[in-house]
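# Structure at a glance
Below, each chain spelled out in residue letters.
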There are 2 protein chains.
Amino acid sequence: MKFEVLGTSGSARLGRITTPRGTVNTPAFMPVGTQGTVKAMSPEELTGMGAEIILGNTYHLYLRPGHRTVEKLGGLHGFMNWPGPILTDSGGFQVFSLASLRKITPEGVSFQSHLDGSRHFLDPALSMEIQHALGADIIMAFDECTPYPSTQEYALHSLELTTDWALRSRQAHEELSRGKEITPSLFGIIQGGMFRDLRMRSAEEITGIGFDGYAVGGVSVGEPKEDMHDIIGYMAPVLPDRSPRYLMGIGDLKDILFAVESGFDMFDCVMPTRNARNGTLFTSEGRISIKRAEYADDPSPLDPACGCYTCRNYSRGYLRHLFLAREILSMRLNTIHNLYFYLEFMRNIRAAIAEQRFGEFKGQWIETPW
Amino acid sequence: MKFEVLGTSGSARLGRITTPRGTVNTPAFMPVGTQGTVKAMSPEELTGMGAEIILGNTYHLYLRPGHRTVEKLGGLHGFMNWPGPILTDSGGFQVFSLASLRKITPEGVSFQSHLDGSRHFLDPALSMEIQHALGADIIMAFDECTPYPSTQEYALHSLELTTDWALRSRQAHEELSRGKEITPSLFGIIQGGMFRDLRMRSAEEITGIGFDGYAVGGVSVGEPKEDMHDIIGYMAPVLPDRSPRYLMGIGDLKDILFAVESGFDMFDCVMPTRNARNGTLFTSEGRISIKRAEYADDPSPLDPACGCYTCRNYSRGYLRHLFLAREILSMRLNTIHNLYFYLEFMRNIRAAIAEQRFGEFKGQWIETPW
């Protein structure tokens, strides 16, 4: 993997990640393909709207269908027919948010599957093994996503665990990579809760181990926006200039603007896809709920300013009907629109950085009621 | 509408229906688009797999979003972005199968909506008004679908009602068509239950009124296959040669073979689409249930003999995973396959008739475990 910074506008960076499977222009938004599919989308639709990289979830794919099955069926790329770059998470976040009866020890995490109650044990070595078997292009170190709220004591303990697991992740990754021609890139994850000194210490330790990219985890876990923006603001400058900076799980468009301004390059969130399925759609004027009665006879597109397939071909009235009738096409058309809207937003962000007017761009959009 | 018979093989007919919105090669299978969408499909996907005509349901669209709303939003074609021919049913069948508290009088049917319990009254004039407002290319006379089983007395009464409603449907259709440049074609429907003499009488009365095409209704309502095949066999010859013959609601592939052999030209059924969503898939070897454990690690396509998007790009293992994970893409890929399989089957039927070897074709497929 190669990362180049092609331009800046303030601290905002225009960049390019080159992987053997394709190029990712940054700042990039990664649609989430939890279970080996970006919900409701075909790979061609994703490519058509300009998605350059997607995310897969280690926890889900490990439990079902199992990483060895995915490996036999062509790795995640062949399995889901997505030829471009894929980033997989470490599995940690979902273990903490979905599984039950979790028990964290210095060795790893034991938990019960949310699907069938079966017992499992995930540790840095297994996380690396799964992500290698899936064949992802960018993989994440196994971490503990520090919950919110946490005491300073807990956050410190969690940080230390994450550092230890990062080291073990890197070791396992190196062993799995030995003798292979194409190997994934490994990103480290910074934790530290809401405590600036712990965040700084985590950044120091994780960058000290050395990774191909650096992610900030443990944000958007329930904390006030001010705390999140504080972390975004003070974390970016202490992460290495020459590596991609990934703000995990952030998808609010205003938060993306703040994070890009601070120097983050990569984002992922289920917000555009999940909201789409719930009938909440992003437009250049703000969010709309497509089920509202005012749209019943409305012949205009969702967003007259949008060039997506949905906006070019369907009326608000039709989209409202499909949503109320719970038709599958509703989820498809809404998802196409929301993802296109996000990807177009990122294209506009990149254009603004290239033309060194990101501050102006941010000012223009920051008040939109998204 | 123009209908031409281009060739025959025994009683099987190769034909072509020409409408202002496009051509339909017959024998034709019409995918069902109940609520203004063929479930899980985009119009482009339907066109891409060779669908030339689709069906819309008057009952559903009348209740939601309402035919006046559809009319305002471009008619059914504009509403759902389907530029080709559309056939709408009369609403009768769904009133009898879905609505509650039905009361049939000589004037029409009063019923309660299955959606919200609201009370409605549907008669031939309203059925025509709805179908004209939807802007369908082929519309159906309002009939009573005679239930199974019925006494001869009930079937006779139902037949007489259907004849009276057919006459009133034609009158209302003519009034609605007056002064319009493009008007839909109207098909009459033969009833008569399981009684050959009543079927013959219904055929005589309906063809006596005169329609652009003739449909046989009240089949596949629970009767034994032998009864259905009897009706198919003795009905086709008494329907006018020069008009399309439509066997309503029939979608079993073997039944289609029998009906084509007898001289039927048009078919519709939810079988390929509904089965797809339930994980039951049609292949050249017979039906398969994609959830079966034997497919877990199977890298082969659903049907190696199939050229559909799903079979060209995905493994049985992936399709099984998507189905078990209840992913929307499962319904999409399965529906694409089943509809393609049906449409390809019809293409092969047409080729066999064109080459005057339909009997051989039927013999080849009639034993397949579909």
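A count of helical and extended segments in chain A gives 15 helices and 17 strands. By the compact-globule yardstick of 21 Å for 370 residues, chain A fits well, its C-alpha radius of gyration being 20 Å. Along the first, second and third principal axes, the C-alpha set of chain A runs to 60 × 45 × 40 Å. Within the span of chain A, comprising 370 residues, buried residues form 55% of the whole. In chain A, the proportion of contacts linking residues at least 24 apart, taken out of those at least 6 apart, comes to 67%.

This brings us to the relation of the copies chain A and chain B. When chain A is fitted to chain B, the residual RMSD is 0.0 Å, and the transformation amounts to a turn of 180° plus an axial shift of 0.0 Å. The superposition operator between the copies reduces to a two-fold rotation axis. Proximity to the rotation axis, assessed at the C-alpha, singles out A:Ile328 in chain A; its C-alpha lies 3.6 Å from the axis. A share of 100% of the interface residues of chain A reappears at the interface of chain B, consistent with the copies meeting face to face through the same patch.

Before going further, it helps to examine the sheet that holds strand 5 (residues 32-33) of chain A. Residue and element names in this part refer to chain A. Read across the open sheet, the 9 strands follow the order 4-15-14-13-12-11-7-6-5; overall the sheet is parallel. With one partner strand each, in any of the chains shown, strand 4 (28-30) and strand 5 form the two edges of the open sheet. Inspection of the sheet shows strand 5 paired to strand 6 (residues 54-56) by 2 bridges, in the parallel sense. Residue pairing in the sheet places glycine 33 in a bridge with glycine 56 of strand 6. Along the sheet, helix 8 (residues 196-209) makes contact with strand 12 (185-190) and strand 13 (213-216), crossing strand 12 at roughly 160°.

Next up on the list: the sheet that holds strand 11 (residues 138-140) of chain B. Backbone-to-backbone hydrogen bonds pair the strands of a sheet. The strands run either parallel or antiparallel. Spatial strand order, 4-15-14-13-12-11-7-6-5 (chain B): 9 strands in an open sheet with parallel pairing. Both edges of this open sheet fall to strand 4 (28-30) and strand 5 (32-33) of chain B, since each of them pairs with a single strand only.

Moving on to the domain arrangement of chain A. Residue and element names in this part refer to chain A. Segmenting chain A into domains produces domain 1 (2-269) and domain 2 (271-362). The gap between the C-alpha centroids of domain 1 and domain 2 is 27 Å. With 28 residues of domain 1 at the contact, the number on the domain 2 side is 26 residues. When contributions to the side of domain 1 that touches domain 2 are tallied by element, the ones reaching two or more residues are strand 1 (2-9), strand 2 (12-19), strand 4 and helix 10 (253-262). At 4 residues, helix 10 tops the list of elements feeding residues into the side of domain 1 that touches domain 2. For the side of domain 1 that touches domain 2, the residue count by class is 16 nonpolar, 7 polar and 5 charged.

Attention shifts here to the confidence of the model for chain A. Atomic detail in the predicted coordinates should be set aside for any region of low pLDDT. Here chain A shows a mean pLDDT of 97. Residues at 70 or above account for 100%. Two numbers describe this predicted complex: its pTM, 0.98, and its ipTM, 0.98.

Moving on: the packing of helix 9 (residues 225-235) of chain A against helix 10 of chain A. All names here are of chain A. Relative to each other, helix 9 and helix 10 sit at 20°, their axes nearing to 8 Å. Between helix 9 and helix 10, the crossing angle belongs to the class labelled roughly parallel. Where helix 9 crosses over helix 10, the two elements pack in a sense that is right-handed. Contacts from Met228, His229, Ile232 and Gly233 of helix 9 reach helix 10 at Asp255, Phe258, Ala259 and Ser262. Grouping the amino acids of the contact of helix 9 with helix 10 by side-chain chemistry returns 4 nonpolar, 3 polar and 1 charged.

About the cut-offs
Residues numbered from 1 in each chain as written. Chains lettered and ligands numbered in written order. Predicted model: local features only at pLDDT ≥ 70, side-chain atom pairs only at ≥ 80, totals over all residues. Helix = DSSP H or I, 4+ residues; strand = E, 2+ residues; numbered from the N terminus. Rg over C-alpha atoms; globule rule 2.2 N^0.38 Å. Buried ≥ 20, exposed ≤ 12 C-beta atoms within 10 Å, placed from the backbone. Contact = placed C-beta atoms within 7 Å. Least-squares fit on C-alpha atoms with pLDDT ≥ 70 in both. Pairing = 2+ DSSP bridges. Axes fitted to C-alpha atoms, helices over the stretch in contact; angles between N-to-C directions. Domains from an automatic or database assignment. Nonpolar A, V, L, I, M, F, W, Y, C, P; charged D, E, K, R; others polar. pLDDT = per-residue confidence, 0-100. Parallel < 35°, antiparallel > 145°, perpendicular 65-115°, else oblique. Left-handed = near helix turned anticlockwise from the far one by under 90°.

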